[in-house]
Amino acid sequence: MTWQLTADRPIYLQLMEAIKLQIVSGAYQAGERLPPVRDIAAQAGVNPNTMQKALSELERDGLVYSQRTAGRFITEDENMIVKMRNELAQDRIQAFFEGMSRLGFTREETMEMLNRAAQEQQQKGD
């Protein structure tokens, strides 16, 4: 995965979001062991302490858990992962509608455009 970090928000929050995305998209499976903090930090190009903070926050949220000598693991609660996936999708949908509204589109116009785009996409897939 490529880590797209920007200077406009705290890095640890961006790391949390990226790891959540990896979990809900299936890049990390429920119950899977995470690589060591230093390895993930090196992949992301960040300080290990920053990655440690992100992972600690994910632990606090219950998405990740630690086993003393074995490392960190993704939660085994698949319902939690599905719920988080749906929440992330809802956030993106809401942001999309807000962006379209700022462009001057009504909800109805936006829905028409989405339906048209979906039909075009389906035709391409055939």
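Presented here is an overview of the structure given in this document. (Residues numbered from 1 in each chain as written. Predicted model: local features only at pLDDT ≥ 70, side-chain atom pairs only at ≥ 80, totals over all residues. Heavy atoms only, no water.)

## Here's the deal with the pairing of strand β1 (residues 64-67)
Judged from the four bridges that link them, β1 and strand β2 (residues 71-74) form a sheet pairing that is antiparallel. What sits directly across from V64, in β2, is I74. Linking two consecutive strands that pair antiparallel, namely β1 and β2, is a turn of three residues. (Pairing = 2+ DSSP bridges. Helix = DSSP H or I, 4+ residues; strand = E, 2+ residues; numbered from the N terminus.)

## Here's the deal with the layout of surface pockets
Of the voids in this model, the largest pocket is the one considered here, and its volume is about 310 Å³. In terms of lining residues, the largest pocket is bounded by 13 residues, among which Q14, E17, A18, L21 and R92 are the most central. Elements with a contribution of two residues or more to the lining of the largest pocket: α1 (11-24) and α4 (78-102). Element by element, the count of residues in the lining of the largest pocket is highest for α1, at four residues. Looking at side-chain class alone, the lining of the largest pocket contains six nonpolar, three polar and four charged residues. (1 Å grid on protein atoms, 1.4 Å probe; cavity = no way out; pocket = protein on both sides within 12 Å on 5 of 7 lines; lining within 4 Å. Points joined across faces, edges and corners; volume = space filled by probe spheres on them. Nonpolar A, V, L, I, M, F, W, Y, C, P; charged D, E, K, R; others polar.)

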